[in-house]
Amino acid sequence: MLYVALFGFILWVLCFADAITTDENEVRNLSKDGWLVVVLLLPIVGSILWLVAGRPEKYPGERLPEDPEEAEFVRRCRERAEEQRRENRRPPQE
């Protein structure tokens, strides 16, 4: 029973810290303050809700850098990688 309580406490602390450090613009479904209240007042349920519905979705493969030169470089790298994947899928030609 102690392990369950310890796990719940650690989950609550980590989720609360994550909610505090998350940028206001990235939080989903509620305001940042709303999520802080939910996680604070409903430790286990609020933590699980934060992980499922409040935490920002991260799609690193879809974002491009803000610098136009870097964005162009990343776009070319992705195109080349996709081209290589297609070449590897083809059966060898005789």
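Residues numbered from 1 in each chain as written. Predicted model: local features only at pLDDT ≥ 70, side-chain atom pairs only at ≥ 80, totals over all residues. Heavy atoms only, no water.

## Considerations on helix H2 (residues 32-41)
- Buried within H2 are the following residues: Lys-32, Trp-35, Leu-36 and Val-39. Taken end-on, H2 shows its buried residues confined to a sector of 100°, consistent with a single buried face. Facing away from the buried side of H2 by over 90 degrees, the exposed positions are Asp-33 and Leu-41.
- In this fold, the buried residues of H2 make contact with helix H1 (2-21) and helix H3 (43-54). (Buried < 20%, exposed > 50% of the residue type's maximum accessible area, 1.4 Å probe, protein only. Helix = DSSP H or I, 4+ residues; strand = E, 2+ residues; numbered from the N terminus. Arc of directions from axis to C-beta. Contact = heavy atoms within 4.5 Å.)

## A word on the pattern of salt bridges
- Using the criterion set out here, one finds six salt bridges in the structure.
- In this structure, Arg-75 and Glu-72 form a salt bridge, with 2.3 Å as the shortest nitrogen-oxygen distance. Taken together, the positions of Arg-75 and Glu-72, both in helix H4 (residues 68-89) and three residues apart, correspond to about one turn of that helix.
- Put simply, Arg-80 and Glu-83 hold a salt bridge, and the shortest N to O gap is 2.8 Å. Here Glu-83 and Arg-80 lie together in helix H4, a separation of three residues that amounts to about one turn. (Salt bridge = Lys/Arg side-chain N within 4 Å of Asp/Glu carboxyl O.)

## Remarks on the packing of aromatic side chains
- Tallying each qualifying case throughout the model produces three aromatic pairs.
- Pairing Phe-9 with Trp-12 gives two aromatic rings, centres 6.0 Å apart and planes at 40°, and the pair type is tilted. In this pair, Phe-9 and Trp-12 both sit in helix H1, three residues apart, roughly one turn of the helix.
- Ring centres 5.8 Å apart and planes at 70° place the aromatic pair Trp-35 and Trp-50 in the edge-to-face group. Taken as a pair, Trp-35 in helix H2 and Trp-50 in helix H3 lie far apart in primary sequence, 15 residues in all. As far as burial versus exposure is concerned, Trp-35 and Trp-50 are alike and both buried.
- Every member of this aromatic cluster is reached through a ring pair, and the members are Phe-9, Trp-12 and Phe-16. (Phe/Tyr/Trp six-rings, centres within 6.5 Å; stacked < 30°, edge-to-face > 60°.)

What is shown is where atoms sit, not what they do.
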